[in-house]
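# Close look at the chain arrangement
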Amino acid sequence: MNVLWIMCDQLRWDYLSCYGHPRLHTPNIDALAKRGVRYDRAYVQSPVCGASRMSSYTGRYVHAHGASWNFVPIKAGEMTIGDYLRPMGVRSVLIGKTHMRADAMGMSRLGIDPTSPIGVRISECGFDPFERDDGIHPYSGHEPNPRYNDYAREQGLDAKNPWEEYANAAEGDDGDLLSGWFLKYADRPARVPDPLSETPYITTRAMDFIDDAIENHSDQPWVAHVSYIKPHWPYIVPEPYASMYGPDDVPPANRSEAEREDAHPIFEAFMDRRVSKSFSRDDVRERVIPAYMGLIKQIDDQMGRLFKHLEDRGIADDTMIVFTSDHGDYLGDHWMGEKDLFHEESLRIPLIIYDPSSKADATRGTLNTDLVEAIDLAPTFLELFDGTPVPHIMDGHSLMDTLHGTRKKDPRRYVISEYDYSFIEPRISLDMSARDCWLRMIFDGRYKYIHAEKFRPMLYDLQEDPNELIDLGDDPAYSDIRADLHEALFEWARKPRQRNTIADGAIEGTDIQDRIGENGILIGYWDEEELKDAIKNKWGKRLANANPLLAPTLNKLLRRNQDKEKT
């Protein structure tokens, strides 16, 4: 079995027709859902790219892996899915985006050459990079993969940076360059021809990898992480997608004036960000959202192209397909732009898994309503390849039983998400220390509770208020609910996730003290006679068997005891 693990960036769950969007039709993704399982309540572990992705790659919560924001490196030595699968003979390959930088300091301290195979894997979140392409603005200090620019120039897009000047720019009426970074130009088509834009390019590279795997590594299974840059901003798309949707296709914003009246201080600070103020304007939404929809429609068309390639190469029946996102996008809902907080628009993601094996026939086309987290994917891949589960390391639960129809009970009582907002403006406006800028959310399927250090909590009742417009965080009638969820969150936080070099089973085994004793750690005896009796009747042979080097000494000691007894 192979795995095609497709991840879009900033794709909301409700902007696919199989999840209910009324105007945006995504037939190829819908067809995948009809062949597999569509998960209706899937949530990310952080509403920001880097931290969310690191949780998906490790199967661990953010506070466990430590990469709490974009460009905060995942620690050298932190295990990712590639590290688990590689010893089992499974290739783990990256095609596209990870949004993370290497732990250069950690590798330097450990004497690891970043250009060595292990250094490259640490730099690429445990993957072997077939093509790394983050598509980040060059002036951010993290340039896009130059291969795309080289490719674009080879195709006749003559520019110093075609990614900037063609893929993410429009052309003005007088021929001048209009940057796609400005929301004003989102209703104009990108200068790049559709086949040369970023999404088709990543698809082509994924197809190149599939061809290479078949022709040069036919006996080796693989996990290919095909990670698309879009529909993440810049919100600009080439024709024919730029003209597909217009203001009439934009749904009304999910927000209320009451949200801005006496808002929680942190929510207020996020609503006061520039991006939120922009998306709170109807004219901005009417320009940007059609482009966002066009980017998604382009992705769906590329899914058709990619899935057909699997069929054409004869491996569709041997390839599990996972389609998901790293978080959503507010798009003006709740007076917000971007992501960052814990409303459904930001936190909830599409997740569709197609398992071609006959074991999954009973669940084809079904809707799963269990509480699911992005960290469930890593243990799912591990089980798929018959790996040994590592629950002392991975926090997620394998989804194989949901694919095969054998799950008897949802193993999860709640989902958790975390956000470190120390890197953005609210830290300054709220006069917070970086150490205190942590938000943690717990959601039990009805109530969503958000703990905010130094502030009162937030609480939403999604049964009575599915649009999350009423914050019950200081409502006396809900004090018991808040107390229960706070305790559940605190219970989760009290269980550290850093003891990952010793499995729980090794500790919980009934012979743990015996094994400690067999290592020669014999403490607490009153005097020599008590120890001699223990060695004679219990530990002598066991210590000798555990450590053959001890045998001569122990035998000598036992003979001495026997001689004394005879005397």
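Look a little higher up for the structure.
Residues numbered from 1 in each chain as written. Predicted model: local features only at pLDDT ≥ 70, side-chain atom pairs only at ≥ 80, totals over all residues. Heavy atoms only, no water.

### Some thoughts on unusual backbone geometry
Glycine aside, residues mostly have negative phi angles, and peptide bonds mostly take the trans form. A cis amide bond links K230 to the next residue, P231, at an omega of 10°. Mapped onto the elements, P231 comes out in strand β7 (residues 222–231). For the bond running from E239 to P240, omega is 10°, close enough to zero to count as cis. With respect to the helices and strands, P240 occurs in the loop between β7 and α10 (257–260). Phi angles above zero are rare outside glycine, and H334 is one such case at about 60°. One can find H334 in the loop between β8 (319–325) and α14 (344–347). Positioned with a positive phi, W335 is a non-glycine residue whose angle comes to about 60°. On the secondary structure map, W335 appears in the loop between β8 and α14. (Helix = DSSP H or I, 4+ residues; strand = E, 2+ residues; numbered from the N terminus.)

### Observations concerning the state of the cysteines
Evaluated as defined, the whole model comprises zero disulfides. This cysteine, C8, is not joined by any disulfide, and C18 carries the nearest cysteine sulfur, 12 Å off. For the unlinked cysteine C125, the closest cysteine sulfur is that of C49, found at 13 Å. (Disulfide = S-S within 2.5 Å.)

### Details of the pairing of β8
Counted residue by residue, β8 has seven buried out of seven residues, so it is predominantly covered. Of the two faces of β8, the one holding T319, I321, F323 and S325 and the one holding M320, V322 and T324 are both buried throughout. In this sheet, strand β9 (residues 348–354) lies alongside β8 in antiparallel orientation, the contact comprising four bridges. Along β9, the bridge assignment pairs T324 with L351. (Buried < 20%, exposed > 50% of the residue type's maximum accessible area, 1.4 Å probe, protein only. Pairing = 2+ DSSP bridges.)

### Things to note about the packing of aromatic side chains
The full count for this structure, using the stated rule, is 19 aromatic pairs. Between the aromatic rings of Y57 and F127, the centroid separation amounts to 5.1 Å while the plane-to-plane angle is 90°, which identifies the pairing as edge-to-face. Of the two residues, Y57 is situated in helix α2 (residues 49–58) and F127 in the loop between α6 (117–123) and β4 (128–132); the sequence distance between them amounts to 70 residues. Residue Y57 is classed as buried on the basis of its relative accessible area, which comes to 0%. Here the aromatic residues W5, Y57, F127 and F381 are joined through ring pairs into a cluster of three or more. Of note, R191 hangs over the ring of Y166, and the distance from its end group to the ring centre comes to 4.1 Å. (Phe/Tyr/Trp six-rings, centres within 6.5 Å; stacked < 30°, edge-to-face > 60°. Lys NZ or Arg CZ within 6 Å of the ring centre and 35° of its normal.)

### Examining the nonpolar core
Among the nonpolar cores identified, the biggest contains 74 residues, and V3, W5, V322, L351, I353, Y419 and Y421 are the most heavily contacted of them. With sequence-adjacent residues up to four places away left out, V3 is seen in contact with W222, V223, A224, T319, M320, V322, F381, L384 and F385. The next biggest cluster of nonpolar side chains, apart from the first, holds 65 residues, and it includes L24, M293, L331 and I352. (Core = buried A, V, L, I, M, F, W, Y, C linked by side-chain atoms within 4.5 Å. Contact = heavy atoms within 4.5 Å.)

### Topic: the layout of surface pockets
For the second largest pocket, the calculated volume is near 490 Å³. Residue lining of the second largest pocket: 16 residues in total, with Y61, D395, H397, W492 and K495 positioned closest to the centre. Broken down by class, the residue content of the lining of the second largest pocket amounts to six nonpolar, two polar and eight charged. (1 Å grid on protein atoms, 1.4 Å probe; cavity = no way out; pocket = protein on both sides within 12 Å on 5 of 7 lines; lining within 4 Å. Points joined across faces, edges and corners; volume = space filled by probe spheres on them. Nonpolar A, V, L, I, M, F, W, Y, C, P; charged D, E, K, R; others polar.)

### Details of a negative patch on the surface
Together, D527, E528, E530 and D533 make up a negatively charged patch on the protein surface. By the element assignment, D527 lies in the loop between α20 (512–518) and α21 (528–546). D527 sits in the partly exposed class, given a relative accessible area of 33%. (Patch = residues over 30% accessible without salt bridge, like charges linked within 9 Å, V, L, I, M, F, W, Y side chains within 5 Å. Areas by Shrake-Rupley, 256 points an atom, 1.4 Å probe, with all protein chains shown as cover. Salt bridge = Lys/Arg side-chain N within 4 Å of Asp/Glu carboxyl O. Lys, Arg positive; Asp, Glu negative; His and termini not counted. Charge placed at Lys NZ, Arg CZ, Asp CG, Glu CD.)

### So, the packing of helix α9 (residues 198–216) against helix α13 (residues 282–312)
For the pair α9 and α13, the least separation of the axes is 10 Å and the interaxial angle reads 15°. The angle between α9 and α13 places the two elements in the roughly parallel class. Considering only the axes of α9 and α13, their crossing is right-handed. Contacts between α9 and α13 involve T199, P200, T203, T204, A206, M207, I210 and D211 from the first element and Q298, I299, Q302, R305, L306, H309 and L310 from the second. (Axes fitted to C-alpha atoms, helices over the stretch in contact; angles between N-to-C directions. Parallel < 35°, antiparallel > 145°, perpendicular 65-115°, else oblique. Left-handed = near helix turned anticlockwise from the far one by under 90°.)

### Thoughts on empty space enclosed by the protein
With the rule as written, the count across this model stands at one cavity of 30 Å³ or more. In this structure, the largest cavity is lined by A167, S197, E198, T199, K230, I236, V237, P238, L295 and Q298. Those elements giving two or more residues to the lining of the largest cavity turn out to be α9 and α13. In the lining of the largest cavity, the residues fall into five nonpolar, three polar and two charged.

### Some remarks on the pairing of β9
With respect to burial, β9 is a largely interior element, seven of its seven residues being buried. The alternating pattern of β9 places R348, P350, I352 and Y354 and I349, L351 and I353 on opposite faces, both of which are buried. Both strand β2 (residues 37–43) and β9 contribute to a ladder of five bridges, which runs antiparallel. Directly across from Y39, in β9, lies its bridge partner L351.

The values reported here are purely geometric and, on their own, carry no functional implication.
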